[in-house]
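Spelled out, the chains give:
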Amino acid sequence: MAQLGEHFRRLRLARNIPQETLAVESGLGLSTVKRLENGRGCNLSAMLQLLAALGYSGRLEQFLAHLASEATQQSDDIMTDRRRASAPRKSIEETPVD
């Protein structure tokens, strides 16, 4: 959701539109726009209204494909930075006895 919100924010800023203007042009509340851009999501209907207000209604497939490629890249980056979650456990023989 955070990635989706960031993508919407970049689209809005690329068009130099304030959140308030986007809310009015899409017919949604300002809180909906802010919630989406902050990564807390929105329903599909609201997302489609925002895409239309940003001029992307006819390019929904392109928008989703771009979003999917970003997600794949982030997933690949995360997998290369994997680390152990915890230290290996000691065996019973290695545990000191009081």
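One can find the structure itself at the top, above this paragraph.
Definitions and limits used
Residues numbered from 1 in each chain as written. Predicted model: local features only at pLDDT ≥ 70, side-chain atom pairs only at ≥ 80, totals over all residues. Heavy atoms only, no water. Buried < 20%, exposed > 50% of the residue type's maximum accessible area, 1.4 Å probe, protein only. Helix = DSSP H or I, 4+ residues; strand = E, 2+ residues; numbered from the N terminus. Arc of directions from axis to C-beta. Polar contact = N/O pair within 3.5 Å; in protein donor to acceptor, adjacent residues only side chain to side chain. Axes fitted to C-alpha atoms, helices over the stretch in contact; angles between N-to-C directions. Parallel < 35°, antiparallel > 145°, perpendicular 65-115°, else oblique. Contact = heavy atoms within 4.5 Å.

**Brief notes about helix α4 (residues 44-53)**
Residues of α4 that are buried: A46, M47, L50 and L51. Relative to the axis of α4, the buried residues are bounded by an arc of 140° and lie together on one face. Two or three places before S45, at the opening of α4, N43 has a side-chain oxygen 3.2 Å from that residue's backbone nitrogen. Backbone geometry just downstream of α4 places G55 in the positive-phi region, at approximately 85°.

**Focus on the packing of helix α2 (residues 19-26) against α4**
Orientation of α2 relative to α4, taken along the N-to-C sense of each, is 105°, at an axis distance of 9 Å. Classified by the angle their axes make, α2 and α4 are roughly perpendicular. Taking contact as the criterion, the partners of L22, E25 and S26 in α2 are, on α4, Q49, L50 and A53.

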